[in-house]
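A look at the structure
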Amino acid sequence: AIAINIGLVTLYTIPSIFILPLNSSDRMSSLLGLIVSGMIALIYASITQLIVMSKNNKRGFLALGTIAGLTFLPLICFGFFGIQPSDMTLMWLFSALPSVATEYASSSVLLMGVLGQLAAIATLNLQMTRLLRKAGMSETKTLLSQARTT
């Protein structure tokens with residue numbers, strides 16, 4: 001459902017990239033920035049889902065703190081150490097503002113960034129699938145044991 005919502009926003013925004021008077025390199029950079037930003041949003045959503053599925057009493061606060069940290073801490077560090085998107089493009093591709101770095105990224109750096117993000121999404125979703133199976137098995141065992149006692 002989260003991916004569908006991100007896809008809808010992306011599809012809504014893509015026509016504006018082609019309507020605005022941009023040259024071809026700016027248009028491609030904007031399009032890649034939109035795609036990479038959507039992938040970062042998927043990573044953050046997957047992390048949030050994993051935290052919410054945990055058995056922690058304060059999982060809402062933990063999810064909020066984690067996502068806030070992932071969003072703002074890299075940008076604060078970049079500002080503190082003076083790291084520009086043109087200097088360390090790959091690090092910027094994994095921040096909350098990856099579209100800033102797409103203008104400076106070479107094809108190989110963009111490919112590494114996208115592949116890294118895809119690997120992170122796949123790993124997080126694989127872990128979520130395992131947790132859902134485990135939760136489903138626990139629920140099934142509970143239902144079966146209740147059925148046997150009655």
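Just above sits the structure.
Residues numbered from 1 in each chain as written. Predicted model: local features only at pLDDT ≥ 70, side-chain atom pairs only at ≥ 80, totals over all residues. Heavy atoms only, no water.

**Some thoughts on the overall build of the protein**
- Within the protein, the secondary structure is distributed over 5 helices and 0 strands.
- Starting at the N terminus and ending at the C terminus, the protein contains elements arranged as α-α-α-α-α.
- Within the span of the protein, comprising 150 residues, buried residues form 26% of the whole.
- Intrachain contacts of the protein at a sequence separation of at least 6 include 48% that bridge at least 24 residues. (Helix = DSSP H or I, 4+ residues; strand = E, 2+ residues; numbered from the N terminus. Buried < 20%, exposed > 50% of the residue type's maximum accessible area, 1.4 Å probe, protein only. Contact = heavy atoms within 4.5 Å.)

**Regarding the packing of aromatic side chains**
- Inspection of the entire model under this criterion finds 2 aromatic pairs.
- Between Phe 80 and Phe 81, the ring centres sit 5.0 Å apart and the planes meet at 80°, which makes this aromatic pair edge-to-face.
- The exposure class assigned to Phe 81 is exposed, which follows from its relative accessible area of 59%. (Phe/Tyr/Trp six-rings, centres within 6.5 Å; stacked < 30°, edge-to-face > 60°.)

**Digging into helix H1 (residues 2-19)**
- In a regular helix each residue adds 1.5 Å, so 18 residues correspond to 26 Å; H1 covers 27 Å between its end C-alpha atoms and thus fits that length.
- In this fold, the buried residues of H1 make contact with helix H2 (24-52). (Expected span 1.5 Å × (residues − 1).)

**Structural notes on the packing of H2 against helix H3 (residues 59-81)**
- At a closest axis distance of 9 Å, the pairing of H2 and H3 adopts a crossing angle of 155°. Relative to H3, the element H2 lies roughly antiparallel. By crossing handedness, the relation of H2 to H3 is classed as right-handed. Judged by residue contacts, Tyr 44, Ile 47, Thr 48, Ile 51 and Val 52 of H2 engage Arg 59, Leu 62, Ala 63, Thr 66, Ile 67, Leu 70 and Thr 71 from H3.
- A breakdown of the residues in the contact of H2 with H3 according to their chemical character gives 8 nonpolar, 3 polar and 1 charged. (Axes fitted to C-alpha atoms, helices over the stretch in contact; angles between N-to-C directions. Parallel < 35°, antiparallel > 145°, perpendicular 65-115°, else oblique. Left-handed = near helix turned anticlockwise from the far one by under 90°. Nonpolar A, V, L, I, M, F, W, Y, C, P; charged D, E, K, R; others polar.)

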